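# Reading the structure
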Amino acid sequence: MLKKHGAQQVRYEFVCIENLVPREHLLRKLAKHIDFSFIHEKVEGLYCPDNGRPALDPIVLFKILFIGYLFGIRSERRLIKEIEVNLAYRWFIGFTLEDNIPNACTLSQNRRRRFNDSTIYQEIFDEIVLQAVRHKMVDGKVLYTDSTHLKANANKNKFLEKQVPVSTRDYLAELDKDIEEDRRQHGKKMLPPDDADPPHKTVKVSTTDPDSGYMVRDGKPKGFFYLDHRTVDGKHSIITDSYATPASIHDSIPYFSRLDRQIERFGFQVEAVGLDAGYNTTAICKGLENRNIFGAIGYRRFGKAKGRFTKRDFFYDDSMDCYICPANCILPYRTTTREGYREYASNQSKCKECAYLKKCTVSKSCIKIVTRHVWESSRDRMNINRLSDYGKAIYARRKETVERSFADSKELHGHRYARMRGLSKAREQCLLCAAVANMKKIALYLSRCGGQSTTPPPMASSDRFALIDTIRIRLAMFIFGLDCFFSGICLIRPKNNEPLPV
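As a starting point, this report considers the structure included with it. (Residues numbered from 1 in each chain as written. Predicted model: local features only at pLDDT ≥ 70, side-chain atom pairs only at ≥ 80, totals over all residues. Heavy atoms only, no water.)

### Section: helix α7 (residues 104–114)
Counted only if it meets this: Throughout, exposure labels follow a simple rule: accessible area from a 1.4 Å probe, protein chains only, divided by the maximum for the residue type, with under 20% read as buried, over 50% as exposed, and the rest as partly exposed. The way it works is that DSSP assigns letters per residue, a run of H or I at least four long becomes a helix, a run of E at least two long becomes a strand, and they are numbered from the N terminus. Regarding the arc, it is the one traced by the directions from the helix axis to the C-beta atoms. Whether two residues touch is decided by their heavy atoms; if any such pair falls within 4.5 Å, the residues are in contact. Residues adjacent in sequence count toward polar contacts only when both atoms are side-chain atoms; beyond that, a polar contact is any pair of N or O atoms within 3.5 Å, and within protein one must be able to donate a hydrogen and the other to accept it.
Within the sequence span of α7, burial applies to Ala-104, Leu-107, Asn-110 and Arg-111. Seen along its axis, α7 keeps its buried residues to an arc of 140 degrees; they face one direction. In the core, the buried residues of α7 are packed alongside α4 (58–70), α5 (76–85), α8 (120–134) and α17 (423–448). Regarding α7, its N-cap is Asn-103, as a side-chain oxygen of that residue lies 2.9 Å from the backbone nitrogen of Cys-105 further along.

Written as structure tokens, this is what we have:
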């Protein structure tokens, strides 16, 4: 029977907003399992205690921001409009049906006047990680790090070319010391002090957002971007660090400073890391060895000119400290450069008569020079880790941890584009996006196990796969340890000589 429904929008009803929010709503789980009371303590020094107009409750202020990142609402004006009409949003921030929602300018003015140049966003992120640690969702044993690009709000065709200093590495002092020691062992004189001006390079600087960097990478779009360098714990994929830089900064430059910060801030005992090929540098391998950390680092094999030999075709003899070419001739050590590379040069008279000369070098002097970094042995040992069963199992989980974290952030939390201009605003976005991702994971996990983190939750299909991966990694680790015991290979292990857990 067809029946018309009369309009009843103007009818008065006695309702409670608590009863209008579904019991299984995500915001209910966040309110139950995440403690936001620490925000008052963190921002207390940024407010005047006895003067001025009453301020908006900082917990309400940050809950509004959390809603925007949690549900991928990139515009703060739109976010305020959504809160006005969404009962769950009103309930989460503690407002009634008749309370006036703060203006969007309140968010921007607090950011510009009160929180600018403060560490409040980093402190909020750290506190969420500490809550995950208290719930035993983070152990800091295996960490996965990678970076993703965020499109800056800048036209790629509007830029100026400027000369800027080349980014300095924090390991240069250690490298100079090892270069001097290497030259001394080979009977070479010490290099004179380098009084030359620091090297410069020409870069494109956006006229719209000068803090962004022009990105040119294989398989990536060209333009002005920021990079979000993110570290994820291997136990429950909790994000333990997020740090934004211009896209022109190489992934390996901020790696150790952020790794050391996590170790100091959260007390992690890092035993293994999983990194992609972008981090496969001699400095990264050496730094991991110095920190006694097992590294499973990807490898990228670059192409070669057709019909030409590559460095892979030359065998390095460690006992004789020389390279052997495909024609079975020896390339002895010649010198160590200021950049930290040993040079191994061929015999000119032999090369002129060699049948492989055209495949070997195009030098007019007919001398083939092969270089080897003074820290190249550290990279060789990391390659042994990569090829082991344990290293393969560690690296295989990278796509399930940090790569999945980036995919969720971009698809669900609006992390494909930089919401604001400026490096400080990009870092704010990366930290808040990572914080809400952690909140969501903590709340869902504790909801499945009834709010008690010590009780295993009902095992979902994804959890079963994770358990299978954990068993597989532990088995691979055991087999790899037996192989190393019988073959005499020295593993990079913790100082207490305990097995590497996952």
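Once you've had a look at it, read on.
### Description of the pattern of salt bridges
For clarity, the threshold we go by: By salt bridge we mean one thing: a side-chain nitrogen of Lys or Arg within 4 Å of a carboxyl oxygen of Asp or Glu.
Per the stated rule, a full pass over the model turns up 25 salt bridges. Lys-29 is paired through a salt bridge with Glu-24; the nearest N and O atoms lie 3.8 Å apart. The exposure class of Glu-24 is exposed, given its relative accessible area of 63%. Close ionic contact of Glu-181 with Arg-184 constitutes a salt bridge, the shortest N to O distance being 2.4 Å. You can see Glu-181 and its partner Arg-184 sitting in helix α9 (residues 172–185), three residues apart, about one turn around the helix.

### Some details on the side chain of Ser-409
For Ser-409, the position within the fold is in helix α16 (residues 398–412). When its relative accessible area of 1% is taken as the criterion, Ser-409 is described as buried. Among all residues touching Ser-409, those that are not within four sequence positions of it are Arg-230, Gly-414, His-415 and Cys-433.

### What to know about empty space enclosed by the protein
As a reminder of what qualifies: Space inside and on the surface of the protein is sampled on a 1 Å grid over the protein atoms alone, with a cavity defined as a set of points where a 1.4 Å probe fits but cannot get out and a pocket as an open set with protein on both sides within 12 Å along at least 5 of 7 lines; lining residues have an atom within 4 Å of a point. Grid points are joined across faces, edges and corners, and a volume is the space filled by probe spheres set on the points. Gly is placed with the polar residues, together with every amino acid not listed as nonpolar (Ala, Val, Leu, Ile, Met, Phe, Trp, Tyr, Cys and Pro) or charged (Asp, Glu, Lys and Arg).
Within this structure, the stated rule accounts for one cavity of 30 Å³ or more. Estimated volume of the largest cavity: approximately 60 Å³. Taken together, Thr-145, His-229, Arg-230, Thr-231, Asp-241, Asp-251, Pro-254, Tyr-255, Arg-258, Leu-259, Gln-262 and Tyr-279 make up the lining of the largest cavity. If you list the elements that add at least two residues to the lining of the largest cavity, you get β5 (223–233) and α10 (255–266). Looking at which element gives the most residues to the lining of the largest cavity, the answer is α10, with four residues. Along the lines of polarity and charge, the residues of the lining of the largest cavity split into four nonpolar, four polar and four charged.

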